[in-house]
Amino acid sequence: MLSYVTSTRPGLEHQMKPEHVRLLYEHLSQMTGSPIDLFIHSNGGDATFPWRLVNLIRECAGDAEFSVLVPYRAFSAATLTALGADKIVMHKMGNLGPTDPTVTNSFNPRDEKRMSN
């Protein structure tokens, strides 16, 4: 089991960030070839992070199952991470979404022509 929890406390929120990949890799490298359960609680963060995290988990898990456990909140980037799993297990108080496709990032750059109209 791997836990990824970011603060959702008002005024002390912490976002999912690409810098966390290295730390998660250190844990995942010990789980090679075994089923991976990711316990996740987050308001989200960088929209490119889920792609990197899910690919890393799938590489470490190999053919083993990858499940995401959502006890309460997995919003935005956390929802996208959950959608990359084989199975999502949610508590009855668990929530997914929303994802915001209007966020500007390297996959969705700002269109200056469209913004000026």
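Above this text you will find the structure in question.
Because the structure is a prediction, the values reported are computed rather than measured. (Residues numbered from 1 in each chain as written. Predicted model: local features only at pLDDT ≥ 70, side-chain atom pairs only at ≥ 80, totals over all residues. Heavy atoms only, no water.)

Draft legend 1. Molecular detail of the packing of aromatic side chains. One pass over the structure, following the stated rule, counts one aromatic pair. With a centroid separation of 5.6 Å and an interplanar angle of 25 degrees, the aromatic rings of Tyr 4 and Phe 49 are classed as stacked. Here Phe 49 lies in helix α2 (residues 49–61) and Tyr 4 lies in strand β1 (residues 2–5), a separation of 45 residues in the sequence. Here the two residues Tyr 4 and Phe 49 agree in accessibility, since each one is buried. (Phe/Tyr/Trp six-rings, centres within 6.5 Å; stacked < 30°, edge-to-face > 60°. Helix = DSSP H or I, 4+ residues; strand = E, 2+ residues; numbered from the N terminus. Buried < 20%, exposed > 50% of the residue type's maximum accessible area, 1.4 Å probe, protein only.)

Draft legend 2. View of the sheet that holds strand β2 (residues 36–41). Strand order across the open sheet formed by four strands is β1-β2-β3-β5, with parallel pairing between neighbours. In this open sheet, the two strands that pair with only one neighbour each are β1 and β5 (87–90). Averaged over neighbouring strand pairs, the angle between their axes works out to 20 degrees when direction is ignored. One ladder, built from four bridges, connects strand β3 (residues 66–70) with β5; its direction is parallel. Among the inter-strand pairings, Leu 69 is bridged to a residue of β5, identified as Val 89. Against the sheet, helix α1 (residues 20–28) engages β1 and β2, with an angle of about 160 degrees to β1. Across the face of the sheet, α2 comes into contact with β1, β2 and β3 while running at roughly 155 degrees to β2. (Pairing = 2+ DSSP bridges. Axes fitted to C-alpha atoms, helices over the stretch in contact; angles between N-to-C directions. Contact = heavy atoms within 4.5 Å.)

Draft legend 3. A look at the side chain of Thr 79. Its location among the elements puts Thr 79 in helix α3 (residues 77–83). Reaching out from Thr 79, the side chain makes a polar contact with the backbone oxygen of Ala 74 at a distance of 2.4 Å. (Polar contact = N/O pair within 3.5 Å; in protein donor to acceptor, adjacent residues only side chain to side chain.)

Draft legend 4. Here's a closer look at α2. End to end, α2 covers 18 Å across 13 residues, agreeing with the expected 18 Å (1.5 Å per residue, within 8%). Listed as buried for α2 are Phe 49, Pro 50, Leu 53, Val 54, Leu 56, Ile 57, Cys 60 and Ala 61. Projected down its long axis, α2 carries its buried residues within an arc of 160 degrees, all on one side. Seen from the open side of α2, the exposed residues pointing more than 90 degrees away from its buried face are Trp 51 and Glu 59. Contacts made by the buried residues of α2 are with β1, α1, β2, β3 and α3. (Expected span 1.5 Å × (residues − 1). Arc of directions from axis to C-beta.)

Any link to function would need more than the numbers given here.
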